[in-house]
Amino acid sequence: MVAFTGRVRRWREDKPGGLAVVDVPAELVAELGGRRQYRVTGTIEDAPFTGSTMLVTGGGLCVGVSKAALEAAGAAVGDEVSLDITPAAG
């Protein structure tokens, strides 16, 4: 399990209704399994969720967070949130 905090942002700022993501701190990418796409499970603000990692231009990694997961966590785009995630089994 990897724990970190980050700000919820839009995947694409030019699409205000689009996907929300939280960037994974660079020092934790290797601990999660490296810079590649995979499913993750865990919690966001103690609310269970499942998401996927996505590659960020320039070498980063982020986790997609659904609207339902944000609502369950009482969070929104622009908020600082705590996540505990691990690559999903399978």
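Residues numbered from 1 in each chain as written. Predicted model: local features only at pLDDT ≥ 70, side-chain atom pairs only at ≥ 80, totals over all residues. Heavy atoms only, no water.

Novice: Can you walk me through the pairing of strand 1 (residues 2-10) in this structure?
Specialist: For a regular strand, side-chain orientation follows a simple rule: the groups alternate between the two sheet faces. Sheet topology note: the strand 1/strand 6 (residues 80-87) ladder contains six bridges and is antiparallel. Bridge pairing in strand 6 links V2 to I85. Examined bridge by bridge, strand 1 and strand 2 (residues 20-23) share three bridges and lie antiparallel to one another. Within the sheet, the bridge partner assigned to R10 lies in strand 2 and is A20. (Pairing = 2+ DSSP bridges. Helix = DSSP H or I, 4+ residues; strand = E, 2+ residues; numbered from the N terminus.)

Novice: I would appreciate a short explanation of unusual backbone geometry in the present structure.
Specialist: The phi torsion of most residues other than glycine is negative, and most of the peptide bonds are trans. Look at E45: it is not a glycine, yet its phi comes out positive at around 50°. Looking at the element boundaries, E45 is found in the loop between strand 3 (39-44) and strand 4 (47-56). With a phi angle near 70°, D46 is a residue other than glycine that sits in the positive phi range.

Novice: How do you make sense of the nonpolar core when you look at a structure like this?
Specialist: By size, the foremost hydrophobic cluster in this structure holds 24 residues, and its most contacted members are F4, V24, I44, F49, L83 and I85. Excluding its chain neighbours within four sequence positions, the residues that come into contact with L83 are V2, A3, F4, V22, T43, I44 and F49. (Core = buried A, V, L, I, M, F, W, Y, C linked by side-chain atoms within 4.5 Å. Buried < 20%, exposed > 50% of the residue type's maximum accessible area, 1.4 Å probe, protein only. Contact = heavy atoms within 4.5 Å.)

Novice: What is the right way to read the sheet that holds strand 6 from this model?
Specialist: Note on sheets: strands pair through backbone hydrogen bonds, and any given pair is parallel or antiparallel. Reading around the barrel, the six strands line up as 1-2-5-4-3-6 and close back on themselves, with antiparallel pairing between neighbours. Taken over all neighbouring pairs, the strand axes of this sheet differ in orientation by 45° on average, direction set aside. (Axes fitted to C-alpha atoms, helices over the stretch in contact; angles between N-to-C directions.)

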